[in-house]
Amino acid sequence: MTEPVIRVRDLVKRYGEIEAVRGIDLDVQPGEIFGFLGPNGAGKSTTISILCTLVKLTGGTATVAGYDVMRDPAAVRSHIGLVFQDASLDAQLTGRENLEFHAFLYGLPSALRRERIDHALEMVELTDRAKSPVITYSGGMKRRLEIARGILHYPQVLFLDEPTLGLDPQTRKRIWEYIHRLRQREGITIFMTTHYMDEAE
């Protein structure tokens, strides 16, 4: 049996007297789409933040892509992509410029950047709008661009924090089509939070 790409044991996060996460155990296998279901305030985003090394755990252990989130956060970050719950694009830049900036931050060699950006834009069907400012994009287009940004450096694991929140049913369906295509074409493990029961199923 293959080793889990994400392994969590007795994960705890406290903020003073408030216990945001209480004793979570989970294993996520390579290539799996793992749905993390719960109502608002259940600790889903906090758990993703711990796994992405944005927040330090209070207790327990967590490894991502074989690296401990506390002992080797830089290695964890180099193996993951993250799409935040709230939009984090630069609306004044074009879609391509947003991806170029992200590729630069991740240290992708310039020779590879164009190829990776073209591939990511094609994957989310935004090639024809790549030169348009993001401020002109619909909510669904912004979500797709954020997914493209999250896969630019070919991560082992892509974290999606409520990726379809606030989108209409038709756009939600399209986002899911991209997520499934991503898994099939790239073999990426996808860990996503949602409070929609149908999405988790």
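See the structure above.
Everything numeric here is computed off the predicted structure, so don't read it as measured data. (Residues numbered from 1 in each chain as written. Predicted model: local features only at pLDDT ≥ 70, side-chain atom pairs only at ≥ 80, totals over all residues. Heavy atoms only, no water.)

S.K.: Explain the pattern of salt bridges to me, using residue names and the numbers behind them.
M.R.: Side-chain pairs of opposite charge can arise where the charged atoms are in close proximity. Taken as a whole and assessed by the stated rule, the structure comprises 13 salt bridges. For aspartate 68, the salt bridge identified is with arginine 71, shortest N-O distance 3.8 Å. You can call aspartate 68 buried: its relative accessible area is 13%. The shortest N-O distance in the salt bridge between arginine 114 and aspartate 118 comes to 4.0 Å. (Salt bridge = Lys/Arg side-chain N within 4 Å of Asp/Glu carboxyl O. Buried < 20%, exposed > 50% of the residue type's maximum accessible area, 1.4 Å probe, protein only.)

S.K.: How would you sum up the environment of glycine 166? Please name residues and give values.
M.R.: Mapped onto the elements, glycine 166 comes out in the loop between strand 7 (157–161) and helix 6 (169–186). With a relative accessible area of 72%, glycine 166 lands in the exposed category. Along the primary structure glycine 166 and glycine 139 are separated by 27 residues, whereas in three dimensions their C-alpha atoms are 8.4 Å apart. (Helix = DSSP H or I, 4+ residues; strand = E, 2+ residues; numbered from the N terminus.)

S.K.: Could you give me a rundown of helix 1 (residues 44–51), with the residues and numbers involved?
M.R.: The buried fraction of helix 1 is high, at 7 of 8 residues. Every buried residue of helix 1 is listed here: Lys44, Thr46, Thr47, Ile48, Ser49, Ile50 and Leu51. Two residues or fewer past helix 1, threonine 53 is found with a positive phi of approximately 65 degrees.

S.K.: Go over the packing of helix 5 (residues 139–151) against helix 6 with me, naming the residues and quoting the values.
M.R.: Where helix 5 contacts helix 6, the two axes come as close as 10 Å, and the packing angle between them is 15 degrees. By the angle between their axes, helix 5 is roughly parallel relative to helix 6. Our pair here, helix 5 against helix 6, has a crossing hand that is right-handed. Contact with helix 5, carried on its side by Gly140, Arg143, Arg144, Ile147 and Ile151, involves Thr171, Ile175, Tyr178 and Leu182 of helix 6 and no other residues of that element. Among the residues forming the contact of helix 5 with helix 6, the class breakdown is 5 nonpolar, 2 polar and 2 charged. (Axes fitted to C-alpha atoms, helices over the stretch in contact; angles between N-to-C directions. Parallel < 35°, antiparallel > 145°, perpendicular 65-115°, else oblique. Left-handed = near helix turned anticlockwise from the far one by under 90°. Contact = heavy atoms within 4.5 Å. Nonpolar A, V, L, I, M, F, W, Y, C, P; charged D, E, K, R; others polar.)

S.K.: Residue-level account of the packing of helix 3 (residues 95–105) against helix 5, with values.
M.R.: Interhelical geometry of helix 3 versus helix 5 gives an angle of 25 degrees and a closest axis separation of 10 Å. Taken as axis vectors, helix 3 and helix 5 run roughly parallel relative to one another. At the point where helix 3 passes helix 5, the crossing takes the right-handed sense. Contact residues: Gly95, Asn98, Leu99 and His102 in helix 3; Leu145, Ala148 and Arg149 in helix 5. Broken down by class, the residue content of the contact of helix 3 with helix 5 amounts to 3 nonpolar, 3 polar and 1 charged.

S.K.: So what's going on with the side chain of arginine 149? Which residues, and what values?
M.R.: Here arginine 149 is to be found in helix 5. A polar contact is formed between the side chain of arginine 149 and the side chain of serine 88, at a distance of 2.6 Å. The residues touching arginine 149, leaving out its near neighbours within four places in the chain, are Ser88, Leu89, Leu99 and His102. (Polar contact = N/O pair within 3.5 Å; in protein donor to acceptor, adjacent residues only side chain to side chain.)

S.K.: Which residues make up the packing of aromatic side chains, and what values do they have?
M.R.: Considering all chains together, one arrives at 3 aromatic pairs under this definition. A ring pair is formed by phenylalanine 36 and phenylalanine 191, whose centres lie 5.5 Å apart and whose planes are at 45 degrees; its orientation type is tilted. Of the two residues, phenylalanine 36 sits in strand 3 (residues 33–37) while phenylalanine 191 sits in strand 8 (residues 189–194), which places them 155 residues apart along the sequence. Each member of the pair, phenylalanine 36 together with phenylalanine 191, is buried. Measuring from centroid to centroid gives 5.4 Å for phenylalanine 159 and phenylalanine 191, while their planes differ by 50 degrees, and the two rings are tilted. (Phe/Tyr/Trp six-rings, centres within 6.5 Å; stacked < 30°, edge-to-face > 60°.)

S.K.: So, the sheet that holds strand 5 (residues 67–68): which residues are in play, and what are the values?
M.R.: In space, the 4 strands of this open sheet follow the order 2-1-4-5, with antiparallel pairing throughout. On the outer flanks of this sheet lie strand 2 (18–28) and strand 5, each paired with one strand and no other. As defined by bridge partners, strand 1 (residues 6–15) adjoins strand 4 (residues 59–64) across 5 bridges and the pair is classed as antiparallel. The residue of strand 4 that forms the bridge with arginine 7 is threonine 63. Across the face of the sheet, helix 1 comes into contact with strand 1, strand 2 and strand 4 while running at roughly 115 degrees to strand 1. (Pairing = 2+ DSSP bridges.)

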